[in-house]
Amino acid sequence: MKISMQLKYDTDIVAAAGQVAELERAGLDLVWVPEAYGYDAPSFMGFLAARTERIEIGSGILSVFSRTPALLAMTAAGVDALSGGRCHLGLGSSGPQVVEGLHGVPYAAPVARTRETIEVMRAFWRRDEPVRHQGSTITLPLPEGQGTGLGRPMRLLTPPVRPSVPVWVAALGPKNVRMVAETADGWLPLFFVPEWCDRVWGPALKEGAATRAPELGPLQISAGGLLAIGPDAERARELARGQLALFVGGMGAPGHNYYYDLISRYGYAREAETIQRLFRSGDKAGAAAAVPAALLEATTICGTESYVRDRLDAYREAGVTHLQVVPVPQEGESEATVVSRLKDLVG
């Protein structure tokens, strides 16, 4: 099992490059570069490629509605070339508030859009022939009656470093997870609880895997949570309350919140309703306090070394290939120290 972590959204990206180099020396295998509505991720990914040597660099995540499939393919190929084949492309559909509010693009058929984006990108990376695609959300080139009518099939001008860049997809809903299990290289589920994975996602994962192309290999999974190791590390769990309240209560409109739906499927429907109601009324502290202690523990990895070892076993058993952590240093530690200790525990 490899170790991954995501950088903060609001970080000083120049200073963070030095931190990533330190984490690389500590044994971090993969760093995810976020993109919301601040700096773009690919610029920083290229900067990290120049400042590091071994660590793999992923986008976490790029919306399939914010760029065309061709541009996504070109961007991933470019970062892959700069890094010597260390790029991972994390994708997602985001939500209607961001897609329509920030990008001005209709939020239509997100699962189909993601599937077709992956198909088109891989066609561009293969570079064996000019790309044509006739889908429900993507058509290349534009058909007669749209645009000028002068579009023609094209291929990437420069050969990619690798014939394909690993494609990861952030997904929580059953239809999206089924598509991921069928078509993606990896899966990025937030608030993943290994013991509940089979109950919540088992049927979707199995249905997708049944039609998965053998050449893709097994589905990779990057999941985890807040990490603290030590006799008093349980206290660090409290740091995750605010994030859970934000995502369940404030990420997306009522009736269209993937995290609210997930927590409800975990068995906390009443609590999810309370968190959302309090958060949307402006009582963020009350929303955080309403997060159940059992859910807080299930979505974090905070405790003694023996406790953390047990959690690692649970993640392995659930098929997690990349433990994705948010290191919380204890007294006298740095984030790199926590990663180094985790590396020893992972073995």
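Above this text is the structure in question.
Below is a short write-up of the structure. (Residues numbered from 1 in each chain as written. Predicted model: local features only at pLDDT ≥ 70, side-chain atom pairs only at ≥ 80, totals over all residues. Heavy atoms only, no water.)

### Quick look at the overall build of the protein
Check the secondary structure of the protein and you find 13 helices and 12 strands. What you see for the protein is a C-alpha radius of gyration of 20 Å, in line with the 20 Å of a compact globule of 347 residues. Taken across its 347 residues, the protein has 50% of its residues classed as buried. Of the contacts formed within the protein by residues at least 6 apart in sequence, a portion of 76% connects residues at least 24 apart. Put simply, the protein shows about 16,000 Å² of open surface, and 54% of that area lies on carbon and sulfur atoms. Positive and negative side-chain charges in the protein, numbering 34 and 38 respectively, have mean positions lying 4 Å apart. (Helix = DSSP H or I, 4+ residues; strand = E, 2+ residues; numbered from the N terminus. Rg over C-alpha atoms; globule rule 2.2 N^0.38 Å. Buried < 20%, exposed > 50% of the residue type's maximum accessible area, 1.4 Å probe, protein only. Contact = heavy atoms within 4.5 Å. Areas by Shrake-Rupley, 256 points an atom, 1.4 Å probe, with all protein chains shown as cover. Lys, Arg positive; Asp, Glu negative; His and termini not counted. Charge placed at Lys NZ, Arg CZ, Asp CG, Glu CD.)

### Here's the deal with unusual backbone geometry
The omega angle of the peptide bond from Gly60 to Ile61 is 10°, so this bond is cis rather than trans. You can see Ile61 is positioned in the loop between β3 (56–59) and β4 (62–63). Residue Pro141 is bonded to the preceding Leu140 through a cis peptide linkage, with omega at -15°. Within the secondary structure, Pro141 is located in the loop between β7 (139–140) and β8 (167–170). A positive phi angle, close to 60°, is found at Ser94, a residue other than glycine.

### Regarding the layout of surface pockets
Estimates place the volume of the second largest pocket at around 450 Å³. Lining the second largest pocket are 26 residues, with Pro69, Ala70, Met74, Phe124 and Leu156 sitting closest to its centre. Among the secondary structure elements, those contributing two or more residues to the lining of the second largest pocket are α3 (69–83), α5 (110–126) and β7. The biggest single contributor to the lining of the second largest pocket is α3, with 6 residues. For the lining of the second largest pocket, the class distribution of residues is 18 nonpolar, 5 polar and 3 charged. (1 Å grid on protein atoms, 1.4 Å probe; cavity = no way out; pocket = protein on both sides within 12 Å on 5 of 7 lines; lining within 4 Å. Points joined across faces, edges and corners; volume = space filled by probe spheres on them. Nonpolar A, V, L, I, M, F, W, Y, C, P; charged D, E, K, R; others polar.)

### Notes on the packing of helix α2 (residues 41–51) against α3
Here α2 crosses α3 at 15°, and the two axes come no closer than 8 Å. When the axes of α2 and α3 are compared, the pair comes out roughly parallel. As α2 runs across α3, the sense of the crossing is right-handed. In this structure, α2 contributes Pro42, Met45, Gly46 and Ala49 to the contact, and α3 contributes Thr75, Val79, Leu82 and Ser83. Each residue belonging to the contact of α2 with α3 can be placed in one class, and the counts come to 5 nonpolar, 3 polar and no charged. (Axes fitted to C-alpha atoms, helices over the stretch in contact; angles between N-to-C directions. Parallel < 35°, antiparallel > 145°, perpendicular 65-115°, else oblique. Left-handed = near helix turned anticlockwise from the far one by under 90°.)

### Considering the packing of aromatic side chains
What characterises a pair of aromatic rings is the spacing of the ring centres plus the angle enclosed by the ring planes. Across all of its chains, the model carries 13 aromatic pairs by this definition. When the ring of Phe65 is compared with that of Tyr107, the centres are 5.2 Å apart and the planes differ by 40°; the resulting orientation is tilted. With a gap of 42 residues between them, Phe65 in the loop between β4 and α3 and Tyr107 in the loop between α4 (96–101) and α5 connect regions that are remote in the sequence. The residues Phe65 and Tyr107 share a single accessibility class, namely buried. Three or more aromatic residues link up through ring pairs in this structure, and these residues are Trp187, Phe192, Trp196, Trp201, Tyr266, Tyr268 and Tyr315. (Phe/Tyr/Trp six-rings, centres within 6.5 Å; stacked < 30°, edge-to-face > 60°.)

### With respect to the environment of Thr299
By the secondary structure assignment, Thr299 is in the loop between α11 (293–298) and β11 (301–303). When its relative accessible area of 6% is taken as the criterion, Thr299 is described as buried. The spatial distance from the C-alpha of Thr299 to the C-alpha of Val326 is 12 Å, given a sequence separation of 27 residues. Setting aside its immediate chain neighbours within four residues, Thr299 contacts Phe191, Val193, Gly224, Gly225, Leu226 and Leu244. Polar contacts involving the side chain of Thr299 include one to the main-chain carbonyl oxygen of Leu296, which spans 3.4 Å. (Polar contact = N/O pair within 3.5 Å; in protein donor to acceptor, adjacent residues only side chain to side chain.)

### Quick look at the packing of helix α8 (residues 241–250) against helix α9 (residues 258–280)
Running from N to C, α8 and α9 point in directions that differ by 90°, and their axes come no closer than 8 Å. When the interaxial angle is binned, α8 and α9 end up roughly perpendicular. Only Tyr259, Tyr260, Ile263, Ala272, Ile275, Gln276, Phe279 and Arg280 of α9 make contact with α8, whose side of the interface consists of Ala245, Leu246, Phe247, Val248, Gly249 and Gly250. In terms of residue class, the contact of α8 with α9 is built from 10 nonpolar, 3 polar and 1 charged.

### Some remarks on helix α12 (residues 305–317)
It helps to recall that an α-helix has 3.6 residues per turn; residues three or four apart then point in one direction. Between its first and last C-alpha atoms α12 spans 18 Å; for 13 residues at 1.5 Å apiece the expected length is 18 Å, and the two agree. If you check which residues of α12 are buried, you get Tyr307, Val308, Arg311, Leu312, Ala314 and Tyr315. Each buried residue of α12 lies within a common arc of 160° when the element is viewed along its axis, so the set occupies one face. Of the exposed residues in α12, those oriented more than 90 degrees away from the buried face are Asp310 and Glu317. Those residues of α12 that are buried are in contact with β10 (220–229), α11, β11, β12 (322–327) and α13 (335–346). Gly319 sits one or two positions beyond α12 and adopts a positive phi of about 95°. (Expected span 1.5 Å × (residues − 1). Arc of directions from axis to C-beta.)

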